[in-house]
Amino acid sequence: MNKTPNPKAWLFVIPVVVLVAFNALIPLMTVVNYSVQETFGDNVFFWEGMKWFEEVLRSERFHESFLRQIAFTGMILVIEIPLGIAIALAMPRKGPWVSVCLVLMALPLLIPWNVVGAMWNIFALPDIGLLGRMINGLGIDYNFTQQPVSAWSTTVLMDVWHWTSLVVLLSYAGLSAIPDAYYQAAKIDGANAWAVFRFIQLPKMKRVLTIAILLRFMDSFMIYTEPFVLTGGGPGNTTTFLSIDLVKIALGQFDLGPAAAMSLIYFLIVLLVSWIFYTLMMRGEEN
Amino acid sequence: MGIELKKVTKQVGAETYIYETDLSFEKDGFNILLGTTLSGKTTLMRLMAGLERPSSGEVWFEGQDVTGIPVQKRSVAMVYQQFINYPNFNVFENIASPLRVSGVSSQEIKQRVGKISDLLKLTPFLDRSPDELSGGQQQRTALARALVKNAALVLLDEPLANLDYKLREELRDELPKLFQDTGATVVYATSEPLEALMLGGRTATLHEGRVTQYGPTSQIYRAPNTLVSAQVFSDPPINTAPVEKKNDTFHLTDLINWSVPVEYANLSDGQYVIGVRPHHLTVGTATEDMVRLNGTVQIAEISGSESIIHFNVEGHTWVSESHGVHQFKVGDSVELSLDVSRCFYFHQSGELVAG
């Protein structure tokens, strides 16, 4: 086929280029700019090369928040994905209760993140919060503002409460898309409930689960608002996740160079993990 | 002795899916359930399979009452309109799955799957997963699963409906051969009258949850006992029109009339309904023993070597099916000939007039 060059084609591309430039490229390049220079007042810059990157990657503080982040995201995925699937399986497939369940499930997703944080903060206060009083009433010493274990479990519980619904809704959509005939066929074959789950429901949910895991990974890996409102990263630094740490460095200490370098490293980690995960899950899905 | 339904009904909530039905399907040849969507074909099959319990009545299979016995304990295989295979098993494992469940030795599985996949031309695809197959191959895999099981009752629920034309024809030819020597009772549901005719065997016509007629397929086609059976078993739809018998003539209108055939000579005067299959109403000048109609073309479509043309005759729409390709424009006036010797006469209640 012969292709004739048509300079007008550029006109169609320009709006997208401008949009992407303003919402992604220019901010990103600003960060790149800060990450390789020492910034002083009055826009005075000194070239520093890779110094900030090395500093961040070597710093104990970054390692700690990174490990904390991995542990948190790991816990979130391990709890929310199976729990979400289980709830979706238990939900009714038809009848008037379907919409009731769906609305109940969607409710937590509609609440703004800082409100969730504030809600749980009050809910879990050991002296006046319902949850805090209850746990202490059971004889367990619980105070999320002072004990790392309490702070962690409250943060994880809050995220499970807020986001498991997303996994439920996605799984439910995947389950609803399975034609009834599959279940009949399985019944005729004499398959038990576990076999139906393992050989029909799970493979049929594969795509939506990939999306669910990916979304939950990215969101929980970048979590900021809720723990910021709930614990502020404390007690000490025990719930200081990557983004909280990043904000502390950038805005608290105003170390723009290290903060910019850390942002880029952070960004690349999320991108890399998502890409590896997606490639693995989708392998064999070609054709 | 195949499967028998004795006074079976099925109600779900306030809705009646199947009205009291007596039906007995034989072992040899295909047993066809013919009816439109929602006529109750699938429900009947589910009742036969044991996937559902009848609200009342009994299901007998090979001389035994199997009413309460769940499907797992019966020897049943079913193929659906959708291509149902286990998504993460390859073709071999899919075909082998019913054998694995019943604990057949892996050597025997290999041999039986090999034989069936040869028969269904699936041998080159045994390593593939179902989503790497064409629709036809996916359905062949599902059929192979049903066959390999050697089930005593095989239920095929519109298995060809989702396939394209060529594949459908191909599989339709093969199906009766595939099940010929299995000794299974085969029930085949379809909404297409032509398919029923091609598969032969016996047909039960279904309409709104009732079996309207049951017997050898060709006999039902030639002699539908009610207007409803005739309507279910006609594609394009059968033409119906009120006629009046006065003495020795049938009157369609004042001007269009014909003399009463000998076999209806004893019929009392009054109102009747005629049913005319579209291919008994053809384009062209009427010969002596035919009735002439003048109509205007409303819709003209060509299906292969047949022309299907909808006409308006004095405010009434008729569908004609003529051999050969005829080009008509909407609004053309055309002369039609109605073969009254081939049409059915029904009482106004819908019963066929005995002739």
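Thresholds applied
- Residues numbered from 1 in each chain as written.
- Chains lettered and ligands numbered in written order.
- Predicted model: local features only at pLDDT ≥ 70, side-chain atom pairs only at ≥ 80, totals over all residues.
- Heavy atoms only, no water.
- Salt bridge = Lys/Arg side-chain N within 4 Å of Asp/Glu carboxyl O.
- Helix = DSSP H or I, 4+ residues; strand = E, 2+ residues; numbered from the N terminus.
- Buried < 20%, exposed > 50% of the residue type's maximum accessible area, 1.4 Å probe, protein only.
- Axes fitted to C-alpha atoms, helices over the stretch in contact; angles between N-to-C directions.
- Parallel < 35°, antiparallel > 145°, perpendicular 65-115°, else oblique.
- Contact = heavy atoms within 4.5 Å.
- Pairing = 2+ DSSP bridges.
- Domains from an automatic or database assignment.
- Buried area = accessible area lost by both parts, 1.4 Å probe.
- Polar contact = N/O pair within 3.5 Å; in protein donor to acceptor, adjacent residues only side chain to side chain.
- Nonpolar A, V, L, I, M, F, W, Y, C, P; charged D, E, K, R; others polar.

Peer 1: Got a minute to help me understand the pattern of salt bridges in this structure?
Peer 2: Close approach of charged atoms allows side chains of opposite charge to pair. Here the structure, examined in full by the defined rule, presents 20 salt bridges over all chains. With its nearest N and O atoms 3.4 Å apart, the salt bridge here joins Lys121 of chain B to Glu174 of chain B. Of this pair, Lys121 of chain B sits in the loop between helix 3 (106–119) and helix 4 (135–148) while Glu174 of chain B is found in helix 5 (residues 165–180), placing the two residues 53 residues apart along the sequence. Exposure remark for Lys121 of chain B: the relative accessible area of 49% places this residue in the partly exposed category. Overall, Glu174 of chain B belongs to the buried group, its relative accessible area being 12%. The network of salt bridges with shared partners includes Glu80, Asp159, Arg216 and Asp219 of chain A.

Peer 1: Teacher, can you tell me more about the packing of helix 2 (residues 51–58) of chain A against helix 12 (residues 256–282) of chain A here?
Peer 2: Two packed helices can be described by the angle between their axes and the distance between those axes. Residue and element names in this part refer to chain A. At a minimum axis distance of 8 Å, the contact between helix 2 and helix 12 shows a crossing angle of 70°. Our classification of the angle between helix 2 and helix 12 gives roughly perpendicular. Across the interface between the two elements, Trp52, Phe53, Glu55, Val56 and Leu57 from helix 2 touch Gly257, Pro258, Ala261, Met262, Leu264 and Ile265 from helix 12.

Peer 1: Hey, could you run me through the sheet that holds strand 7 (residues 153–157) of chain B in this one?
Peer 2: Two strands in a sheet stick together by hydrogen bonds in their backbones, pointing the same way (parallel) or opposite ways (antiparallel). Residues and elements named next belong to chain B. Strand order in this open sheet of 6 strands is 6-7-8-3-9-10, and the pairing throughout is mixed. Since the sheet does not close on itself, it has two edges, and those belong to strand 6 (76–79) and strand 10 (210–216), each with one partner. Within this sheet the neighbouring strands show an average axis-to-axis angle of 15°, counted without direction. As judged from the 5 bridges shared by strand 7 and strand 8 (residues 185–190), these two strands associate in the parallel manner. Residue pairing for strand 8: Leu153 is matched across the bridge by Thr185. Strands strand 3 (30–34), strand 6, strand 7, strand 8, strand 9 (202–207) and strand 10 of the sheet are contacted by helix 1 (residues 41–49), whose axis makes an angle of about 160° with strand 7.

Peer 1: Can you walk me through the domain arrangement of chain B in this structure?
Peer 2: Often the size quoted for an interface is simply the accessible area lost on bringing the parts together. Residue and element names in this part refer to chain B. Looking at chain B, the domain boundaries give domain 1 (3–226) and domain 2 (239–346). Using only C-alpha atoms to locate each centre, domain 1 and domain 2 end up separated by 38 Å. Between domain 1 and domain 2, the contact holds 4 residues from the first and 4 residues from the second. Interface area lost by domain 1 to domain 2 is led by Tyr221, Pro224 and Thr226, which between them contribute 86%. At the junction of domain 1 and domain 2, the tally comes to 0 salt bridges. There are 1 residue pair in polar contact (both at pLDDT 80 or more) connecting domain 1 and domain 2. Residue classes in the side of domain 1 that touches domain 2 are distributed as 2 nonpolar, 1 polar and 1 charged.

Peer 1: Even after reading the chapter, I still don't get unusual backbone geometry, so can you show me in this structure?
Peer 2: What you tend to see is this: most non-glycine residues have negative phi, and most peptide bonds are trans. All names here are of chain B. Put simply, Asp235 and Pro236 share a cis peptide bond, and its omega is 0°. Mapped onto the fold, Pro236 is located in the loop between helix 8 (227–232) and strand 11 (239–246). One non-glycine residue, Lys7, adopts positive backbone phi at about 50°. Looking at the element boundaries, Lys7 is found in strand 1 (residues 3–12). One non-glycine residue, Glu208, lies in positive phi territory at about 45°.

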